[in-house]
Amino acid sequence: MFENILSGNTYKSLVNGKWIESNSKKTIEIYSPVDKSLVGKIQAFSKDEVDKIIENSKEAQKAWGNTPINERAEVLYKVAALLDENVETISKIMQKEIAKDSKSATSEVKRTVDFINFTASEGNHVEGETIGADSFPGYKKNKISFVTRIPLGTVLAISPFNYPVNLSASKIAPALIAGNSVILKPPTQGAISALYLAEIFNKAGLPAGLLNVVTGKGSEIGDYIVAHKDINFINFTGSSEVGRHISKISDMVPLLLELGGKDAAIVLKDADLDLASSNIVAGAYGYSGQRCTAVKRVLVVNDVADKLTLLITEKIKQLKVGSPEDGVDITPLISDKAADFVQELIDDSIRKGAKLIVGNKRKDNLIYPTLIDNVTTDMRLAWEEPFGPVLPIIRINDMDEGIKIANESEYGLQSAVFTENINDAFYVAQKLEVGAVQINNKTERGPDHFPFLGVKSSGMGTQGIRYSIEAMSRPKAIVLNLK
Ligand code: NAP
Ligand code: G3H
């Protein structure tokens, strides 16, 4: 099934329906965060090659944009079916390449199958409208606007390391159903998993050139692709730093940016603490905290803070730590650099007087689940996104203080509020400056047809199957003027 994508230990890239090597002969070595073994090499494309690849995408889009939506949908249904047959293969690659625990890796691929199927059927229901002019003062019935949705052209999809399959497909599938071609720039660490995904689209019968994959370091070719004149839309998920940079260098190209977060779980005194602690632990430590929507701080009222901390601690102690394939919860972080950063935040908080409850144990890039109580607002851990398995507890007097601290963050992705009082839940939810608030649940993106968005440094534009299709298409109005 995947024999074409690899030559020795070197992965090629999908361009115009074929697996090719870069003319530069330059490759990048990808090492596993689990044991530092070589997973494989990927192509490092040059700027000249990027020009040709984008030109090819542009050409391929012309016929695809005119292909009936039901035929585009048929291709996506085939992609989903083929991906479903290869869940285990791709899950294993991810376990090795990005150290994602086996349960999360498998569920990422299965979720992607569902995502693509849903996108295919949703695409068939994206409809236009007709608008009569006579509702506007001074106009008669002889003028009618026929509004349809048309593709934008070539979409640049840039995905992050933590969901190399799902956050690539959740850009590719809606872009394709809307009639666009796609250039995928996968994360360097995660590129191999994304290349397997690309071959699924290819083998399922997606016409050549509609999905071209440009591998190479973002720091070397990223700016060049982002600022390329033939890119018509940029769909980016990653850090706020790179997202902000992209918004500065792109030139009048519409953007969808899903960026970092510092999601708060606000726990009020009448909360079901067992439910709250289970959700907080699952939310904070899933994939070792490397999720944009991970619970990244707990704001708990003093009355129940001791009890909640105890419950969280008991649940953390049940988490298993080790290698992805062993079905554990906590696995090594993506790099030593990432682990150093998490350690820096832990050390800063302890130095400034926070209380270590559990964890702060480390072996290279493997950080044990860490809980830190009595974190205060002068500590970096109160504000910065660790992207690792460390959770700060900030004690508050009441819900208004919780709202204030939550809103002082530069981020605004999601938040959660735990309470049995629906009035308090709505009061808090309405005041929080975030894209979405979860009542009595951990912060999370899914289900994938819900709108998912961040405000402030957490992004711009809205993801979610229908929202993504709409973002990557535009209205086209044809106005009929009757005599
Ligand atoms: P990242 O370092 O920002 O990288 C994301 C992607 O951008 C990678 O493909 C990267 O390529 C590419 N890139 C880097 N510099 C670029 C440039 N100048 N031009 C164009 N592309 C460039 O993020 P990450 O470390 O992979 O992911 C972790 C971050 O993503 C966290 O902050 C997390 O919160 C955020 N995230 C947000 C969401 C959301 O939906 N809100 C979802 C997932 C992750 P290389 O790998 O080659 O550098
Ligand atoms: O890492 C960011 C993802 O968009 C979060 O998705 O909440 O399903 O883990 P998730």
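Residue positions are counted from 1 within each chain, in the order its sequence is given. The naming scheme follows written order: chains are lettered A onward, ligands numbered 1 onward. Where totals are concerned, whole chains, interfaces and linings use all residues; where local detail is concerned, this predicted model gives features only for residues with pLDDT of at least 70, and gives and counts side-chain atom pairs only at 80 or more. Note that water and hydrogens are dropped before the side-chain values are worked out from all heavy atoms of the structure.

**Describing helix H8 (residues 240–249)**
The following threshold applies: Residue burial is assigned from relative accessible area. The probe radius is 1.4 Å, only protein chains are included, and a residue is buried under 20% of its type maximum, exposed over 50%, and partly exposed in between. The helix count covers DSSP runs of H or I at least four residues long, the strand count covers runs of E at least two residues long, and both are numbered beginning at the N terminus. Directions are taken from the helix axis to each C-beta atom, and the arc is the one they span. Whether two residues touch is decided by their heavy atoms; if any such pair falls within 4.5 Å, the residues are in contact.
Ser240, Gly243 and Ile246 are the residues of H8 that are buried. Considered in projection along H8, the buried side chains sweep an arc of 120° and stay on one side of the axis. Every exposed residue of H8 that faces more than 90 degrees away from the buried side is listed here: Glu241 and Lys248. Check the buried side of H8 and you find it contacts strand E9 (154–158), helix H7 (218–226), strand E12 (233–237), strand E13 (255–258) and strand E21 (411–412).

**Some thoughts on the site of ligand 2**
Under the convention used in this document: Here a residue counts as near a molecule or strand whenever at least one of its heavy atoms sits within 4 Å of it. Think of a polar contact as two N or O atoms within 3.5 Å of one another; within protein, one of them needs to be a possible hydrogen donor and the other a possible acceptor, and neighboring residues in sequence only count if both atoms come from side chains. Using the Shrake-Rupley algorithm and a 1.4 Å probe, accessible areas are obtained, with residue cover drawn only from the displayed protein chains. Here the limits of each domain have been adopted from an automatic or database domain assignment.
Close to ligand 2 lie Arg111, Asn162, Tyr163, Leu167, Arg291, Cys292, Thr293, Glu444, Arg445 and Phe452. Between arginine 291 and ligand 2, the recorded distance is 2.6 Å, taken from a side-chain N or O atom to an oxygen atom. Within the side chain of arginine 445, a nitrogen or oxygen atom sits 2.8 Å from an oxygen atom of ligand 2. Expressed as a share of its isolated accessible area of 310 Å², the protein-covered part of ligand 2 is 96%. Both of domain 1 (3–259 + 459–478) and domain 2 (264–456) provide at least three residues apiece to the shell around ligand 2.

**A look at the environment of alanine 271**
With respect to the secondary-structure elements, alanine 271 resides in the loop between strand E14 (263–267) and helix H9 (273–285). Given a relative accessible area of 11%, alanine 271 falls into the buried group. Put simply, alanine 271 and isoleucine 372 are 101 residues apart on the chain and 21 Å apart in space, counted from C-alpha to C-alpha. When neighbours within four sequence positions are excluded, alanine 271 is seen to be in contact with Phe418, Thr419 and Glu420.

**Observations concerning the domain arrangement of the protein**
Test applied: Summed over both partners, the accessible area lost on bringing two parts together, with a 1.4 Å probe, is the buried area. The term salt bridge refers to a pairing of a side-chain nitrogen on Lys or Arg with a carboxyl oxygen on Asp or Glu at a separation within 4 Å. Under the scheme applied here, ten amino acids are nonpolar (Ala, Val, Leu, Ile, Met, Phe, Trp, Tyr, Cys and Pro), four are charged (Asp, Glu, Lys and Arg), and all others, including Gly, are polar.
Taken as a whole, the protein is organised into domain 1 (3–259 + 459–478) and domain 2 (264–456). The centre of domain 1, based on its C-alpha atoms, is set 31 Å off from the matching centre of domain 2. Between domain 1 and domain 2, the contact holds 32 residues from the first and 31 residues from the second. Summing both partners gives a buried area of about 2400 Å² for domain 1 against domain 2, and 51% of it is carried by carbon and sulfur. Summed over the three residues of domain 1 that lose the most area to domain 2, namely Asp101, Arg111 and Phe161, the buried surface amounts to 19% of that side. Here domain 1 and domain 2 share 2 salt bridges between them. A salt bridge links lysine 36 to aspartate 336; its shortest N-O distance comes to 3.4 Å. Counting across the interface, domain 1 meets domain 2 through 12 residue pairs in polar contact (both at pLDDT 80 or more). Secondary structure elements with two or more residues in the side of domain 1 that touches domain 2: helix H3 (87–98), helix H4 (102–123), helix H5 (166–177), H8, strand E25 (459–460) and helix H14 (465–471). For the side of domain 1 that touches domain 2, the element with the most residues is H4, which contributes 4 residues. Its residues placed into classes, the side of domain 1 that touches domain 2 shows 13 nonpolar, 12 polar and 7 charged.

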